[in-house]
Amino acid sequence: MEGAAPPTQAQLNARSIYVSGFPSYTKPQDLTRVFASYGTVKVEKLCNKFAVLTFTSEDEAQEALEDSDKVNIYGEFLAVCPYTGRAETATPKQPATPKQPATPKRVFVRSKQRGEIIEPKLIALTGDFHTQLDSILKAVRLTQEEVTSLSELYMDLEFVLQQQWPGCIALPFGSITTGLGIKSSDADCFIQVPAMFRHHGANFVNKAKKLLQQHPHVFAEILSIPRANTPIVKFFHVPTQINCDVTFKTPLGAQNSKLIAFLLHADPRLIPMAVVIKYWAKVHGFTGTGKLTNYALTMLIIFYLQQPPVSILPSVQWLQRDPANDIIVDNWNTGFMHNYELLPKSTNTQSISELLGGFYQYYTTFNFEEMVVCPYTGCPMKKEQFRAWNNLPPEFERYKRNIVEGLILPLRITTSMCVQDPMEQSHNVASAITSRLAAEIKAYFKFAAAAYEKEKNRQFANFFKTILLQKPKLPRRSCPEFRVVMYPHILQCIANADWKSVVRDVMMQMFQDLCKIPLTKVDEAPKPEAKRQKERYTGTIVKAIWKRKQFNRIYTVSKLDFLKKQTRITEEILNADKANFKVDFQLTLTFQETRNVSAMIKLVEGEPSLFIEFGKFFICSLQNWYIMLLKPYFQQKPQEEERTPIANGSKSGDESPQRQKDREDLATFMSMQDIKVEMVLPRQTDESELTSDISNIMIDTKDLNDTIHSGDITDSKDTKTSTQ
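Rules of the game
Residue numbering note: each chain is counted from 1, following its sequence as written. Selection of residues for local features in this predicted model requires a pLDDT of at least 70, selection of side-chain atom pairs for listing and counting requires 80 or more, and totals for whole chains, interfaces and linings are taken over all residues. Hydrogen atoms and water are omitted, and side-chain values are computed over all heavy atoms in the structure. Put simply, DSSP marks the helices as runs of H or I at least four residues long and the strands as runs of E at least two long, and each gets a number from the N terminus on. In this scheme, a residue with accessible area under 20% of its type's maximum is buried, one over 50% is exposed, and one in between is partly exposed, where area comes from a 1.4 Å probe on protein chains only. We call two residues in contact when some of their heavy atoms are within 4.5 Å. Shrake-Rupley sampling with a 1.4 Å probe provides the accessible areas, and residues are treated as covered by the protein chains on show and by no other component. Here the expected span of a helix is defined as 1.5 Å times the quantity of residues minus one. Salt bridges, as used here, are contacts in which a Lys or Arg side-chain nitrogen is within 4 Å of a carboxyl oxygen on Asp or Glu. In this analysis, strands are considered paired if DSSP registers two or more bridges between them. Working definition: a ring pair exists when centres of Phe, Tyr or Trp rings (six-membered ring for Trp) sit within 6.5 Å. Plane angles under 30 degrees give stacked, over 60 give edge-to-face, the rest tilted. Where helices are involved, their axes are fitted lines through C-alpha atoms of the stretch in contact, as for all axes, and angles between N-to-C directions lie from 0 to 180°. We call a set of buried Ala, Val, Leu, Ile, Met, Phe, Trp, Tyr and Cys residues a nonpolar core when their side-chain atoms join them within 4.5 Å. Any angle that falls under 35 degrees is termed roughly parallel, while one over 145 is termed roughly antiparallel, one within 65 to 115 roughly perpendicular, and all others oblique. Throughout this entry, Asp, Glu, Lys and Arg are counted as charged residues, while Ala, Val, Leu, Ile, Met, Phe, Trp, Tyr, Cys and Pro are counted as nonpolar. The remaining residues, Gly among them, count as polar. We call a crossing left-handed when the near helix sits turned anticlockwise from the far one by less than a right angle, and right-handed when that turn is clockwise.

Draft legend 1. The arrangement of the overall build of the protein chain in detail. What the protein chain contains, in helices and strands, is 24 helices and 23 strands. Looking at the protein chain as a whole, 48% of its 724 residues are labelled buried. Of the contacts made within the protein chain by residues no fewer than 6 positions apart, 67% connect residues no fewer than 24 positions apart. Put simply, the protein chain shows about 36600 Å² of open surface, and 51% of that area lies on carbon and sulfur atoms.

Listed below in structure tokens is the structure:
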């Protein structure tokens, strides 16, 4: 029996598509994941500008073609065209036509406008505290009519999605359902799909996107984000003019919202207070995606209201005492007692202004470095307790069991702020906050607390004006320090007994002659008894002298020696570079009597990104230069040893055994070891915030003689860098 005939070239072409517009770092597996929703796909060809993909049927390929400029990868929308069999020549060759971007970025105008908040200066902040509070709430809160109209959004969503998944239910959650909705709030919705449709690889968000796109008069500006930790579909609902985020992953969010709504409606003072805090945070821009989430901020509010002497709300653990209320979702107990009559009676009689001021005062002094905000227990817990999670109190039995069974990872406590989700207890809802943002948030807390203290005896006439229209002096953004350590093995070979003067002179020559950066010594009182002697100098960078590559190539074939060549290149950069800037830095030389020297530079004033570029140049190139400039000061070798490495030295009769050993160590060091250089991160600086990913750089100094003769130190193959 003969096998089926192989497909013709025309049939193969009909099953293939031509894709462009993706980022240059896109990999084949990325394209495979994106187009897998249309059918079985294979990446036949991939280059920087285009890719050729083949499906198993023409229908699958046609379906992908219909979604041209709708398929998203890494934030870029892809152009999908029929494959003609000439992919290599498919790129237009029309020199007269200006080059256009393959897929221009989409701008969701209506969604963006909806997300904008009313500026505080447009609100009438006059009268007493309660008058101003009413003005703020009236201006920023959603009206009851707007909240009621959202039922239309959920009905439209269910109607469309039930065509694909009959019986699915839209479960609202988020700030709007808790009573904390403001004009810029999005609607959040979990789609509960019947179990028969839930299976691995169901790809809900992409299918939902295609369904919503069939109703453009109801759903607009649709975007799916399938590879997020929680995949979602975002859209703008035309009838209600509301943005909505839809998820299919877990109903945990809906259960969390029920808890928040129950707690904040337990006392009539709490919703107005929480809305003002949310608006305050939004005005100053430290809440949102990648920052302090609204959910995390709400947890901070609830936790404060649990603390004595406020004691308005009970702990979540207290609400979950009765197993009859248990509702297990994703191995967590999300049920709780929800009868207001059974809540413990609070004796708190503070006004909203006092509660608001107390909130700012509490977190001004809260020790985020060592403590965890834990609404579950209702009291702060030490981070150390979560390091040895098996020693946690019995209240965390479910948390410990989930870790033992491999269902979760332990709570992440190494971040600048740790706020534990009271239900999903392994989730730090403030984990995205960097140390810099944490420092800024604390500055806002402190500023608002000071405003409260100042205004509480003045009937709070200017309290809202102060906290909404003014900003605190924020802590300066930390910048790394760059340090080079010269070990004794090298410095022992300096023949001059006054070796410190040699080191100092060479450093001055390197900065002032080679880099054309004048240094000014900082006058300091000498400390003769100190074990370490420090000298500080200040300098200013005005040009990008680290951009030497093109000039290195020009001078590679020149007959100039090392000193003249590098000086000439610096002069070329100073003359050719039109960009002027000013970056002030401090150079600190630290001497130890054991012939150990370190040189460190740190930013004084200027653009941090420019200083970081100079710092990388300092630790990658300048330390090599330093060795070159030190060589004339090394002890001279006898004629018969002229061809030996410079670090070997001689073994004259009057040389001590220790001196001989030092010289042998230097020879070994220069041929086998490294000079240590490092970038030191000041406190409260995250490596993720830096433009450079260097933490420690080791630079090989082997064969430096060959490097000089090659005419290009920084580009030499013998100058290697590696990140440890």
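Draft legend 2. View of helix 9 (residues 252-264). Compared with an ideal rise of 1.5 Å per residue, which puts 13 residues at 18 Å, helix 9 spans 18 Å between its outermost C-alpha atoms and is within 8% of the ideal. Along helix 9, the positions that sit buried rather than exposed are L252, A254, Q255, N256, S257, L259, I260, A261, F262, L263 and L264.

Draft legend 3. Structural detail: the pattern of salt bridges. Inspection of the entire model under this criterion finds 14 salt bridges. Between K442 and E369 there is a salt bridge, with its nearest N and O atoms 2.5 Å apart. Of this pair, K442 sits in helix 16 (residues 435-455) while E369 is found in the loop between helix 13 (352-365) and strand 14 (371-372), placing the two residues 73 residues apart along the sequence.

Draft legend 4. Broad picture of the pairing of strand 20 (residues 596-605). Counting buried positions along strand 20 gives 7 out of 10 residues, so the element sits mostly inside the fold. As paired elements, strand 16 (residues 481-486) and strand 20 share 5 bridges and run antiparallel to each other. Bridging across to strand 20, V485 finds its partner in S598. As judged from the 9 bridges shared by strand 19 (residues 583-592) and strand 20, these two strands associate in the antiparallel manner. When the bridges of strand 20 are listed, D584 appears paired with E605.

Draft legend 5. Highlighting the packing of aromatic side chains. Under the criterion given, the structure shown has 45 aromatic pairs. Ring centres of Y362 and F366 lie 5.8 Å apart, and the angle between their planes is 45°; on these two criteria the pair is classed as tilted. For F366, a relative accessible area of 10% translates into the label buried. Three or more aromatic residues joined by ring pairs form one cluster here, namely W280, F286, F303, Y304, F359, Y360, Y362, Y363, F366, F368, Y444 and F445.

Draft legend 6. Fine view of the sheet that holds strand 9 (residues 219-225). Ordered by their spatial adjacency, 5 strands build an open sheet running 7-8-11-10-9, and the pairing between neighbours is mixed. The sheet is open, and its two edges are formed by strand 7 (169-173) and strand 9, each paired on a single side. Averaged over all pairs of adjacent strands, the angle between strand axes in this sheet comes to 25°, irrespective of strand direction. The sheet contacts of helix 8 (residues 204-213) involve strand 9 and strand 10 (232-237), and relative to strand 9 the element is tilted by about 165°.

Draft legend 7. The arrangement of the nonpolar core in detail. Counting residues in each nonpolar core, the largest one holds 89 residues, and the members touching the most others are W280, F359, Y360 and F464. With 10 residues, helix 10 (residues 270-283) is the largest single contributor of residues to this core. In this view, Y360 contacts I277, W280, F445, A448, A449, F463 and I467; residues no more than four positions away in its chain are not counted. Core analysis: the second largest hydrophobic core is formed by 48 residues, M508, F511, I601 and F617 among them.

Draft legend 8. Representation of the sheet that holds strand 6 (residues 79-82). Overall, antiparallel pairing links the 4 strands, which are arranged 2-3-1-6 in an open sheet. Edge positions in the sheet fall to strand 2 (41-46) and strand 6, since each of these pairs with one other strand and no more. Direction aside, neighbouring strands of the sheet carry axes that sit 30° apart on average. Note that strand 2 and strand 3 (residues 50-55) share 5 bridges and pair antiparallel. Residue pairing across strands places V43 opposite L53, the latter belonging to strand 3. Strand contacts of helix 2 (residues 28-35): strand 1 (16-20), strand 2, strand 3 and strand 6, with the helix running at about 140° to strand 2, the strand carrying the most contacts.

Draft legend 9. Quick look at the packing of helix 11 (residues 294-306) against helix 13. Packing of helix 11 against helix 13 leaves a shortest axis separation of 10 Å and a crossing angle of 105°. Relative to helix 13, the element helix 11 is oriented roughly perpendicular. Contacts from L297, L300, I301, F303 and Y304 in helix 11 reach E354, L355, G358, F359, Y362 and Y363 in helix 13. Of the residues contributing to the contact of helix 11 with helix 13, the split by class is 9 nonpolar, 1 polar and 1 charged.

Draft legend 10. Layout of the packing of helix 10 against helix 11. It is at 11 Å that the axes of helix 10 and helix 11 come closest, and there the two elements cross at 135°. For the element pair helix 10 / helix 11, the angle class is oblique. Of the two possible hands of crossing, helix 10 and helix 11 adopt the one that is right-handed. Where helix 10 approaches helix 11, its residues L270, M273, A274, I277, K278 and A281 are matched on the opposing element by N294, L297, I301, Y304 and L305.

Draft legend 11. Inspection of unusual backbone geometry at higher detail. P308 connects to P309 through a cis peptide bond whose omega is 5°. Even without being glycine, Q241 reaches a positive phi, approximately 60°. Inspection of the secondary structure assignment puts Q241 in the loop between strand 10 and strand 11 (242-247). The class of Q241 is partly exposed, set by a relative accessible area of 38%. Positive phi, close to 60°, is recorded for F460, a residue that is not glycine.

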